[in-house]
Amino acid sequence: MNDHRKLGRELGLFDTDPLIGAGLPYWLPDGAVVRHTLEEYIRTAEREAGYQHVYSPVLGKRELYEISGHWSHYSDDMFPPMELGREPDGEQAREQQDGGQQAREQVVLRPSLCPHHAVIYRSRTHSYRELPLRMAELGDMYRSELSGVLGGLTRVRAIHLNDAHIFCTLEQVADEAGAALEMIRRAYEALGLTPERYRLSLPGPGGKYVAAPELWERSTALLTEVLDRSGLPYEAADGEAAFYGPKIDVQVVDGAGRESTLSTVQIDFHQPGRFDLHYIGADGAKHRPVMVHRSIIGSVERAVAHLIEEHGGAFPAWLAPTQVVILPVSAAELPNAVALAGRCSRRGLRAEIAGPDRGSLGARIREARLVPYQAVIGAKESADDLVAVRLRDGRRLDPLPAEDALGRIGSLVDAHRTDLWDEPTG
Ligand SMILES: [Zn+2]
């Protein structure tokens, strides 16, 4: 099976260094292209679905997580707080006199983006006419994983999360959660991924969940309705809920057969109350919104790890670090190869020239076996402005005008298609 750690290093996508630390991978240029393209896909899909993007800081005061409930329910997974090393200012000194509390400020590396987004929502007055308000961010969060479980991109301490929170009325929850599930389905199609299973994650025994039986029942009923309406097969699992509510998890399996969650849709009645969120209803009174937490691809790290393993490094063309490799048969075709590379770049395609100095044509084709499109230019093609396109899967197309070839490759890439050519080839 494909191990993403081995492939990631061989293909120059990412690596780690003991001096930076375990669970803190860095991205090499080709990996950065994949990641950037994936993030752009997500941002575009979110914009089209009516989401608004925000940025929020990776740090927050300890108090923020005390209010959200992370401090009491999730602290095992959090890094220890940092005490800011300055003397108490006037206000804190007064507090110290009053109650002896928090002489120095403590800040925490955030374990999730939810509290920041709740505070951003609260910073403005909202009318019912603005709901559903969909707030999205691709942001960093941190998890204090033990060294023993860290590896590659699947278990990391610094996580770049594709996150969003939808603030809506109770009547809007099922539609919003259903639409999020549909975004996930479309993304998997574009990424060429198949979920292992959909899981309705419910609470289990133990004290890590907030106690509010009636709210748990209501959100479980809503998620069940969303799943039933979607027609997707799913299984319920106890002990897998978030501490604040049940969730729909989209499960994938890695090369070693280990299952993990990539995407998720959650319904939360807890944090809107904790942060005292409200909107002004048609009746002019204050009402409490519901929060839907959702992630289309989960963490960028885990998503890319899964993509590497699933495709063995042969990413869908729109994600591939190099989309077109240009292969001049001899040095005589080099000027045309350079010109074609320029046309690719103007068309928004990522192209690279592998010239005859890099070995025989056969050797260069083998070396470029993960590149979706291999454009061969011989003497005949060069004279007539043609290219002989070979597809990564071994298919060879008849020589066609360079402009046609680039136009067709470009439209497949723009449409995030996973098939390499759009008509049967001989
Ligand atoms: Zn959240």
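Chains are numbered independently. Their residues run from 1 in the order of the written sequence. Local features in a predicted model are, by the rule used here, given only for residues with pLDDT of at least 70; side-chain atom pairs are given and counted only at 80 or more, and totals for whole chains, interfaces and linings are based on all residues.

Comments concerning the overall build of the protein
Secondary structure elements follow DSSP: runs of H or I no shorter than four residues count as helices, runs of E no shorter than two count as strands, and numbering proceeds from the N terminus. Within the protein, the secondary structure is distributed over 14 helices and 20 strands. Summarising its shape, the C-alpha atoms of the protein cover approximately 85 × 50 × 40 Å along the three principal directions. Here the protein holds 426 residues, and the buried ones make up 37% of them. By the criterion used throughout, residues are in contact when their C-beta atoms, derived from the backbone, lie within 7 Å. Residue pairs at least 24 apart in sequence account for 72% of intrachain contacts in the protein once pairs closer than 6 positions are excluded. In this scheme the burial state of a residue depends on its C-beta neighbours within 10 Å: 20 or more other such atoms mean buried, 12 or fewer mean exposed, and anything in between means partly exposed; the C-beta positions come from the backbone.

Here we look at helix α11 (residues 334-346)
What a helix is expected to span follows from its residue count: subtract one and scale by 1.5 Å. Over its 13 residues, α11 extends 19 Å from the first C-alpha to the last, a length consistent with the 18 Å expected when each residue adds 1.5 Å. Among the residues of α11, Ala337, Leu340 and Cys344 are the ones counted as buried. Buried positions in α11, seen along its axis, are confined to an arc of 60 degrees and lie on one side of it. Exposed side chains of α11 directed beyond 90 degrees from the buried face belong to Pro335, Gly342, Ser345 and Arg346. On its buried face, α11 sits against β16 (324-328), β17 (351-353), β18 (373-377), β19 (386-391) and α14 (402-414). Downstream of α11 by a residue or two, Gly348 has a phi angle that is positive, lying close to 85 degrees. The arc in question is the one spanned by the directions pointing from the helix axis to the C-beta atoms.

A word on the sheet that holds β18
To summarise the sheet geometry, strands pair through backbone hydrogen bonds and adopt either a parallel or an antiparallel arrangement. Whether two strands pair depends on DSSP finding at least two bridges between them. Taken together, 5 strands build an open sheet; the order of strands is β17-β16-β18-β19-β20 and the sheet is mixed. Two strands close off the open sheet at either side, each with one partner strand: β17 and β20 (400-401). Where β16 lies against β17, 3 bridges are found, and the strand directions are parallel. Considered in β17, the bridge of Ile326 is made with Ile353. The sheet contacts of α11 involve β16, β17, β18 and β19, and relative to β16 the element is tilted by about 165 degrees. The axes used here are C-alpha line fits, helices contributing only the stretch in contact, and every angle between their N-to-C directions lies in the interval 0 to 180 degrees.

Comments concerning the packing of helix α7 (residues 173-191) against helix α8 (residues 213-230)
Working note: a packed helix pair is described by the angle between its axes plus the distance between those axes. Between α7 and α8, the least distance of the axes is 9 Å, while the angle of their chain directions is 50 degrees. Taken together, the axes of α7 and α8 are oblique relative to one another. Seen along the crossing, α7 lies across α8 with a hand that is right-handed. Contacts from Val173, Ala174, Ala177, Gly178 and Leu181 of α7 reach α8 at Leu222, Leu223, Glu225, Val226, Arg229 and Ser230. Under the scheme applied, nonpolar residues are Ala, Val, Leu, Ile, Met, Phe, Trp, Tyr, Cys and Pro; charged residues are Asp, Glu, Lys and Arg; polar residues are all the others, including Gly. Classifying every residue of the contact of α7 with α8 gives 7 nonpolar, 2 polar and 2 charged. To sort the angles, those under 35 degrees are grouped as roughly parallel, those over 145 as roughly antiparallel, those from 65 to 115 as roughly perpendicular, and the leftovers as oblique. Handedness of a crossing follows from how the near helix is turned relative to the far one, being left-handed for an anticlockwise turn of less than a right angle and right-handed for a clockwise one.

Focus on the sheet that holds strand β6 (residues 106-109)
Strand order in the open sheet made by the 3 strands is β4-β6-β5, with antiparallel pairing throughout. Pairing within the sheet leaves two strands with one partner each, and these edge strands are β4 (59-61) and β5 (82-83). Sheet analysis places β4 next to β6, joined by 3 bridges and oriented antiparallel. What sits directly across from Lys61, in β6, is Val107.

Quick notes on the environment of Asp76
Tracing the backbone through its elements, the reader meets Asp76 in the loop between α4 (70-73) and β5. Put simply, Asp76 and Ile267 are 191 residues apart on the chain and 23 Å apart in space, counted from C-alpha to C-alpha.

What about the nonpolar core?
To define a nonpolar core, we join buried Ala, Val, Leu, Ile, Met, Phe, Trp, Tyr and Cys residues through C-beta atoms within 7 Å and take the resulting set. Within the largest apolar cluster, 86 residues are counted, with the highest numbers of intra-cluster contacts made by Ala177, Val292, Val304, Ile326, Ala375, Ile377 and Val387. The dominant element in this core, judged by the number of residues it contributes, is α7, at 8 residues. Source of the domain bounds: an automatic or database domain assignment. In this structure, this core is formed jointly by two domains, domain 1 (4-82 + 105-311) and domain 2 (324-415), each of which donates at least three residues. Those residues in contact with Val304, other than ones at most four positions away along the chain, are Val34, Arg35, Leu38 and Leu153. Within the second largest apolar cluster, 5 residues are counted, among which are Val210, Ala241, Ala242 and Tyr244.

Let's talk about the pairing of β18
Burial of β18 is extensive: 5 of the 5 residues sit out of reach of the surface. Alternating residues of β18 divide into Tyr373, Ala375 and Ile377 and Gln374 and Val376, and every residue in both groups is buried. In this sheet, β19 lies alongside β18 in antiparallel orientation, the contact comprising 4 bridges. Looking at β19, one finds that Gln374 is bridged to Arg390.

Details of the packing of helix α2 (residues 29-48) against helix α10 (residues 300-311)
The contact between α2 and α10 brings their axes to 11 Å, and the two run at 115 degrees. In terms of their interaxial angle, α2 and α10 are classed as roughly perpendicular. For the pair α2 and α10, the sense of crossing is right-handed. Contact residues: α2 offers Val34, Arg35, Leu38 and Glu39, while α10 offers Val300, Ala303 and Val304. Class assignment of the residues belonging to the contact of α2 with α10 gives a composition of 5 nonpolar, no polar and 2 charged.

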